Amino acid sequence: MTTIAAEPQPITVDLARAALVIIDMQRDFLEPGGFGETLGNDIGLLKAAVGPCQATLAAARDAGVLVMHTREGHRPDLSDAPKAKVERGEPSLRIGAPGPMGRILIRGEPGHDIIPELAPLAGEPVIDKPGKGAFYQTDLELMLRNRGIDTLFVCGVTTEVCVNTTVREANDRGYRCVVIADACASYFPEFHAAGLAMIKAQGGIFGWVSQSSAVVEAMAA
Ligand code: C5J
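Owing to the predicted nature of the structure, the values given are computational and were not obtained by experimental measurement.

A. Broad picture of the environment of I95. Relative to the elements of secondary structure, I95 occurs in the loop between α4 (83-86) and β5 (98-99). A relative accessible area of 5% means that I95 is categorised as buried. C-alpha separation for the pair I95 and L105, spaced ten residues apart in sequence, amounts to 5.8 Å. Not counting residues within four places of it along the chain, the set of residues in contact with I95 comprises F35, H74, L78, K85, V86, I104, L105 and I106.

If you want it as structure tokens, here you go:
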């Protein structure tokens, strides 16, 4: 058991029952020409999370903590993409449209890949999700239950969209979530701040918020 500095209060975690879930650190969100940029966002803002994610990932691997990666994306025929999700924005920039890294948010295309800095190792589960939340229409919950996991360390992008959605889904399913603030990022700094504030408010209504340095220290101990 290890106790981690966090808000609204420290949390004691059994690392054998914990998993690190890295949300959507994909080229489509972080690199030029991807989904994030086509939506008009400054992708540079997401780069801040890469170093803290790398440090946490290395610490988790060293400590033998289960590591899971998620990717948002769809089948090439878009049969798993709701019309309401696809038909947003300018048609040439929508999900499925061709871009410099292949078709936007489509499985198997270069842009759908996780950035090389955080590439999964063989044996680390990669969850392909059609929605914002990592539990929706995936086998994440089954894999967590089968391994007896009760606590999730969550990081990735973006704080207020896929990180928040996943944390809320996990919280309702009984998982304790520790969100690693500096290992998350948003195209909107004010949404990043609000997304973290909402998690730890009201005594930690959705979970805990910590920093990569505290999580790394706890995993190293
Ligand atoms: C978005 C995500 N922002 N991974 N996806 O569309 O947060």
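B. Spotlight on the packing of helix α6 (residues 159-172) against helix α7 (residues 189-204). Taken N-terminus to C-terminus, the directions of α6 and α7 make an angle of 15°; their axes are 9 Å apart at the nearest point. Comparing their axes, α7 and α6 come out roughly parallel. For α6 against α7, the interelement crossing comes out right-handed. Listed contacts from α7 to T159, E160, N164, V167 and R168 of α6 are F191, H192, G195, L196, M198 and I199. A per-class count over the contact of α6 with α7 returns five nonpolar, four polar and two charged.

C. Quick look at α6. Spanning 14 residues, α6 covers 18 Å between terminal C-alpha atoms, matching the ideal 20 Å at 1.5 Å per step. For α6, the full list of buried residues reads T159, C162, V163, N164, T166, V167, E169 and A170. Those residues of α6 hidden inside the fold are in contact with β3 (18-23), β4 (66-72), β7 (126-129), β8 (151-157), β9 (176-185) and α7. With its phi angle positive at about 95°, G174 sits one or two positions after the end of α6.

D. Molecular detail of the environment of T158. Take T158: it is sitting in the loop between β8 and α6. A relative accessible area of 8% places T158 in the buried class. Along the primary structure T158 and K47 are separated by 111 residues, whereas in three dimensions their C-alpha atoms are 11 Å apart. With residues near it in sequence (within four places) discarded, T158 still touches L46, V163, N164, A185, S186 and Y187.

Thresholds applied
Residue numbers restart at each chain and count upward from 1, following the sequence in its written direction. Note on the predicted model: pLDDT of at least 70 is required for a residue's local features to be given, and 80 or more for side-chain atom pairs to be given and counted; whole-chain, interface and lining totals, by contrast, use all residues. Processing note: side-chain calculations cover all non-hydrogen atoms of the structure and skip hydrogens and water entirely. The secondary structure listing takes helices from DSSP runs of H or I that are at least 4 residues long and strands from runs of E that are at least 2 residues long, numbered from the N terminus. Think of it in three bands: residues with accessible area under 20% of the maximum for their type are buried, residues over 50% are exposed, and the middle band is partly exposed, with areas taken using a 1.4 Å probe on protein chains only. Contacts are assigned to residue pairs that have any heavy atoms within 4.5 Å of one another. To obtain an axis, a line is fitted to C-alpha atoms, over the contacting stretch when the element is a helix, and the angle between two such axes runs from 0 to 180 degrees between their N-to-C directions. Here is the rule for angles: anything less than 35 degrees is roughly parallel, anything more than 145 is roughly antiparallel, 65 through 115 is roughly perpendicular, and the remaining ranges are oblique. Here is the rule for handedness: rotate from the far helix to the near one, and if that takes an anticlockwise turn smaller than a right angle the crossing is left-handed, while a clockwise turn gives right-handed. Throughout, the ten residues Ala, Val, Leu, Ile, Met, Phe, Trp, Tyr, Cys and Pro are labelled nonpolar, Asp, Glu, Lys and Arg are labelled charged, and all others, Gly among them, are labelled polar. In this scheme, a helix's expected span is set at 1.5 Å multiplied by one less than its residue total.

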